[in-house]
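Observations on the model geometry
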Amino acid sequence: MRSWNAFTAVEAAVRAMVADPRWPGLPVPDRAQVIAARALVTPEGDRWLFGAHARWYLHDPADGRWHLSPPPRDARTRDARHPAAVLPVRVIPRGPDFAAEPGSTQAFVGPDVPTGLTDQIRLLLRAEERRSERDYPLSAFDAIFARDVPSTVAAIWGTIMWCAYAPAFDGNERLITAFGEYLRRPLPGDEWVRWLPAPPLLDLVTLVSERLRAGHSRAALRLAATMADTAQILLSDTRFRPRALALLTMVEPTLRQPHLDDRAALRDDHTVRQAWLDRLPERLGRAALVETDPETHFRHTVYDLLEALDFTTEPSRAAAAFLADLSDSRGLLPGYLDHRLRRAYEELARAGLTSTSAAETTQPEGFPTRAPLPYPWRAGPPETGAYAAVPRTGAHAVPETGAHALPGTGAHAVPETGAHALPGTGAHVLPETGAHALPGTGAHALPETGAHALPGTGAQGFGVSRASEVERTSAPVREEARASGSGVEPPDRAAAAAVLGAAYAVGLAWGRVTGARVPERGFAGAAALVHRLIPERDDLPF
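Residues numbered from 1 in each chain as written. Predicted model: local features only at pLDDT ≥ 70, side-chain atom pairs only at ≥ 80, totals over all residues. Heavy atoms only, no water.

**Some thoughts on the overall build of the protein**
Looking only at helices and strands, the protein features 17 helices and 17 strands. Considering the protein as a whole, with its 542 residues, one finds that 56% of them fall into the buried category. Sequence-distant contacts in the protein: of pairs separated by 6 or more residues, those separated by 24 or more amount to 70%. Within the structure as shown, the protein displays about 22,900 Å² of accessible surface, and the carbon and sulfur contribution to it stands at 53%. (Helix = DSSP H or I, 4+ residues; strand = E, 2+ residues; numbered from the N terminus. Buried < 20%, exposed > 50% of the residue type's maximum accessible area, 1.4 Å probe, protein only. Contact = heavy atoms within 4.5 Å. Areas by Shrake-Rupley, 256 points an atom, 1.4 Å probe, with all protein chains shown as cover.)

**Some details on the pairing of strand E3 (residues 55-59)**
Extensive coverage of E3 is indicated by the burial of five of its five residues. Residues of E3 alternate between two faces, with Arg55, Tyr57 and His59 on one and Trp56 and Leu58 on the opposite face, all of them buried. Judged from the four bridges that link them, strand E2 (residues 47-51) and E3 form a sheet pairing that is antiparallel. If you follow Leu49 over to E3, its bridge partner there is Tyr57. In this structure, the hairpin formed by E2 and E3 is closed by a connection of three residues, where His53 is found at a positive phi of approximately 65 degrees. Of the pairings in the sheet, the one linking E3 to strand E4 (residues 66-68) comprises three bridges and is antiparallel in character. (Pairing = 2+ DSSP bridges.)

**What to know about helix H7 (residues 217-234)**
Under the 1.5 Å per step criterion, the end-to-end length of H7 is 26 Å for 18 residues, consistent within 8% with the ideal 26 Å. Buried within H7 we find Ala219, Ala220, Leu223, Ala224, Ala225, Thr226, Met227, Ala228, Thr230, Ala231, Ile233 and Leu234. Packing partners of the buried residues in H7 comprise helix H3 (115-128), helix H4 (151-163), helix H6 (201-213), helix H8 (241-256) and helix H10 (269-278). (Expected span 1.5 Å × (residues − 1).)

**Digging into H10**
Taken together, the buried positions of H10 are Asp269, Val272, Arg273, Trp276 and Leu277. Taken around the axis of H10, the buried residues stretch over an arc of 140 degrees, which confines them to a single face. Opposite its buried face, H10 presents the exposed residues His270 and Asp278, each directed more than 90 degrees away. Buried positions along H10 lie against H6, H7, H8, helix H9 (262-267) and helix H11 (289-292). (Arc of directions from axis to C-beta.)

**Examining the pattern of salt bridges**
Throughout the structure, instances matching the rule amount to 22 salt bridges. Asp20 is the salt-bridge partner of Arg22, the closest N and O atoms lying 2.9 Å from each other. We classify Asp20 as partly exposed; its relative accessible area is 24%. Linking Arg55 and Asp304 is a salt bridge whose minimum nitrogen-to-oxygen distance equals 2.5 Å. Taken together, the residues span a long stretch of sequence, with Arg55 in strand E3 and Asp304 in helix H12 (residues 294-308) at a distance of 249 residues. Where salt bridges share partners, they join Glu128, Arg131, Arg222 and Asp229 into one cluster. (Salt bridge = Lys/Arg side-chain N within 4 Å of Asp/Glu carboxyl O.)

**A few points about unusual backbone geometry**
Even without being glycine, His53 reaches a positive phi, approximately 65 degrees. Here His53 shows up in the loop between E2 and E3. Under the relative-accessibility criterion, His53 is labelled buried at 13%. The phi dihedral of Ala54 is positive, around 55 degrees, even though this residue is not glycine. In this structure, Ala54 sits in the loop between E2 and E3.

**Describing the pairing of E2**
For E2, a buried count of four out of five residues is recorded, marking the element as mostly surrounded by other parts of the structure. Bridging between strand E1 (residues 40-41) and E2 involves two bridges; their strand directions are antiparallel. By the bridge assignment, Val41 is partnered in E2 with Arg47. The turn linking E1 back onto E2 is made up of five residues, and Gly45 within it adopts a positive phi angle of 95 degrees.

**As for the environment of Arg73**
Structurally, Arg73 can be placed in the loop between E4 and strand E5 (78-79). Relative accessible area serves as the criterion here: at 30%, Arg73 is assigned to the partly exposed category. Distance from Arg73 to Phe7, taken between C-alpha atoms, is 6.5 Å for residues 66 residues apart in sequence. Setting aside its immediate chain neighbours within four residues, Arg73 contacts Asn5, Phe7, Thr8, Glu11 and Trp56.

Any functional reading would require information beyond the geometric quantities listed.
So this is what it looks like as structure tokens:
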């Protein structure tokens, strides 16, 4: 029998109240009082509310803000009865926001797109590829497709990418390879993973509105119908479903009233985009937050990442390791995080381990094309996880940072030089430069970047100019993180894919907020997860 849990009990009680048809009609102060009366506090003094969007909020004692953050389900709690008057309106459930379907955070790496869905998309693609490019010119996605490709093909592609929670696909995923003959250039990524950007809704709108302005209303209707047909197929996969349903809701009125967007199209594409978004009911609003409120969308993706990391002993520390990948030259990121996550991130920042994916972080040719060396994923406590071991050396590669940590046992200092020896390899860390010399492994420095690459693993180190400083200041942080269980060691492929997808979604969302570039080969922290997933594919002869 499962033990009683205060968080689960409060969540059930609030859901029951919000589901009452009378809830939306209650005055905001009354709703706030009901929510505030069910606040919980943990022994550490953390104060929690279950509020808007059917999600938990954590009170920041420093500035009084409420941050989206999943709670520690096994923590002891007591009632807190937070003052209702100080609750911001944005955390109070409105009613329809509780109806949103969360979907799945899994990337399309490991658990593939179902064959049935892929086959339906391929049939649709074959039907739409026959359209004339003169009647269906590429008014968007022209950087992806060749000039003689009709925009109906681009409409299918754009719908798939916009609806995907995290568009990171296996390199041989049949859903993606179906578009190979239409591409202008190879997709970003490598043989293992295609890290694809999520297009803005404006790109899909432009395909339709350009035809409307040109006086080709039937072509515009055909493009809208193609998007609707594609979204309808995508509904069967939870990784597409929330946004697919939102897109269907925006497009279907146009199919029923073919001239609905004519006047808006005469103004500009942005007016049509806003008209589409205005058709969304509130219950589907969260699926379109990426368009309507990028900052809130980013906070939701961080929440998703923390939930995906719930199998770790300290999700905040594990999530901070992934957030360390994000480029944050203006120091904006800590302001978006709750105080627990912010502390974990700032520990990495003080050790010089943040903004690690500001440049490419995988090998120049991407992940290795041969079978990767076996990583020692263990069923026991997550000692390695994000610190995935490099088997030939015993060193631990930290994919989120590219740093190489010394093993927890057996490492010794060489008094004559001050270098750290890696047992069993003869490798030494040279204090003058921070360089890692790995005899017999083929490890080498990359002159262009100063990074230290470990062939066959995809792991890289820091540039020579700051490696020794980072090694000295960050070792205690890394050892503490390992001891606390913040290493990422997913228990199965589904959990690994969920973390991979959530982490990639965070990176894409951060790009929407700040304009930070999303690395074409993914984020550094994804490397260990990719190696966790790829060797276990059933269709690869490893």
